[in-house]
Amino acid sequence: SISLLLASFSNFTFKTTLKAGIISDAVKYLQIVLNSDANTMVADSGPGSIGQETTKFGFLTKGAVVRFQEKYRSEILTPLGLTEGTGIAGSATRAKLNGLLGK
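Remember, predicted model here, so these are calculated numbers, not experimental data.

Points about the packing of helix α2 (residues 25–35) against helix α3 (residues 59–71)
Stage number 1. Close contact between α2 and α3 brings their axes to 10 Å; oriented N to C, the two are set at 50°. The angle between the axes of α2 and α3 places the two elements in the oblique class. As for the relative orientation of α2 and α3, their crossing is left-handed in sense. On α3, the residues that touch Leu 30, Gln 31 and Leu 34 of α2 are Thr 61, Ala 64, Val 65 and Phe 68.
Stage number 2. Residue classes in the contact of α2 with α3 are distributed as five nonpolar, two polar and no charged.

So, the pattern of salt bridges
Stage number 1. Here the structure, examined in full by the defined rule, presents two salt bridges.
Stage number 2. Here Lys 71 ties to Asp 37 by a salt bridge, and the two come within 2.2 Å at their closest N and O atoms. Residue Lys 71 is located in helix α3, and its partner Asp 37 is located in the loop between α2 and α3; the two are separated by 34 residues in the primary sequence.
Stage number 3. The exposure class of Lys 71 is partly exposed, given its relative accessible area of 40%.
Stage number 4. Among the residues examined, Asp 37 registers a relative accessible area of 16% and is labelled buried.
Stage number 5. Residues Glu 75 and Lys 96 are paired through a salt bridge, measuring 3.1 Å at the closest nitrogen-oxygen approach. With Glu 75 in helix α4 (residues 73–76) and Lys 96 in helix α5 (residues 91–100), this residue pair connects regions lying 21 residues apart in the sequence.
Stage number 6. The exposure class of Glu 75 is partly exposed, given its relative accessible area of 44%.

A few points about α2
Stage number 1. Those residues of α2 that fall on the buried side of the exposure criterion are Ala 26, Val 27, Leu 30, Gln 31, Val 33, Leu 34 and Asn 35.
Stage number 2. Of the residues that open α2, the one with a side-chain oxygen 3.0 Å from the backbone nitrogen of Ala 26 is Ser 24.

Considering the environment of Leu 77
Stage number 1. Along the chain, the position of Leu 77 falls in the loop between α4 and α5.
Stage number 2. What makes Leu 77 buried here is its relative accessible area of 1%.
Stage number 3. With 57 residues separating them along the chain, Leu 77 and Ala 20 place their C-alpha atoms 19 Å apart.
Stage number 4. Not counting residues up to four positions away in its chain, the partners in contact with Leu 77 are Gln 69, Glu 70, Tyr 72, Leu 82, Thr 83, Glu 84 and Gly 85.

Scoring rules and cut-offs
Residues numbered from 1 in each chain as written. Predicted model: local features only at pLDDT ≥ 70, side-chain atom pairs only at ≥ 80, totals over all residues. Heavy atoms only, no water. Axes fitted to C-alpha atoms, helices over the stretch in contact; angles between N-to-C directions. Helix = DSSP H or I, 4+ residues; strand = E, 2+ residues; numbered from the N terminus. Parallel < 35°, antiparallel > 145°, perpendicular 65-115°, else oblique. Left-handed = near helix turned anticlockwise from the far one by under 90°. Contact = heavy atoms within 4.5 Å. Nonpolar A, V, L, I, M, F, W, Y, C, P; charged D, E, K, R; others polar. Salt bridge = Lys/Arg side-chain N within 4 Å of Asp/Glu carboxyl O. Buried < 20%, exposed > 50% of the residue type's maximum accessible area, 1.4 Å probe, protein only. Polar contact = N/O pair within 3.5 Å; in protein donor to acceptor, adjacent residues only side chain to side chain.

Pasting the structure below:
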């Protein structure tokens with residue numbers, strides 16, 4: 001659950017745009033948050049799945065970000081005039097992620 005994640009994120013905030021091709025510890029945190037919701041999980045098994053999050057922002061992570069953006073459409077996409085998720089964790093997506101973490 002998201003409450004269990006809060007402890008591991010006590011010193012972390014999403015600050016930079018995350019997109020396909022990036023390798024960063026922030027991507028691992030992103031995957032952990034995405035994996036906390038069955039609707040936005042990165043993968044069911046293997047790399048990117050729960051407990052096997054990685055630092056690489058690849059195709060599966062992009063798809064999970066799209067699902068996250070579309071789940072929170074009214075907060076992330078609509079204010080930007082978008083109707084579909086982009087798969088890029090820009091400022092609006094990061095604001096929602098940080099909000100979920102109580103930041």
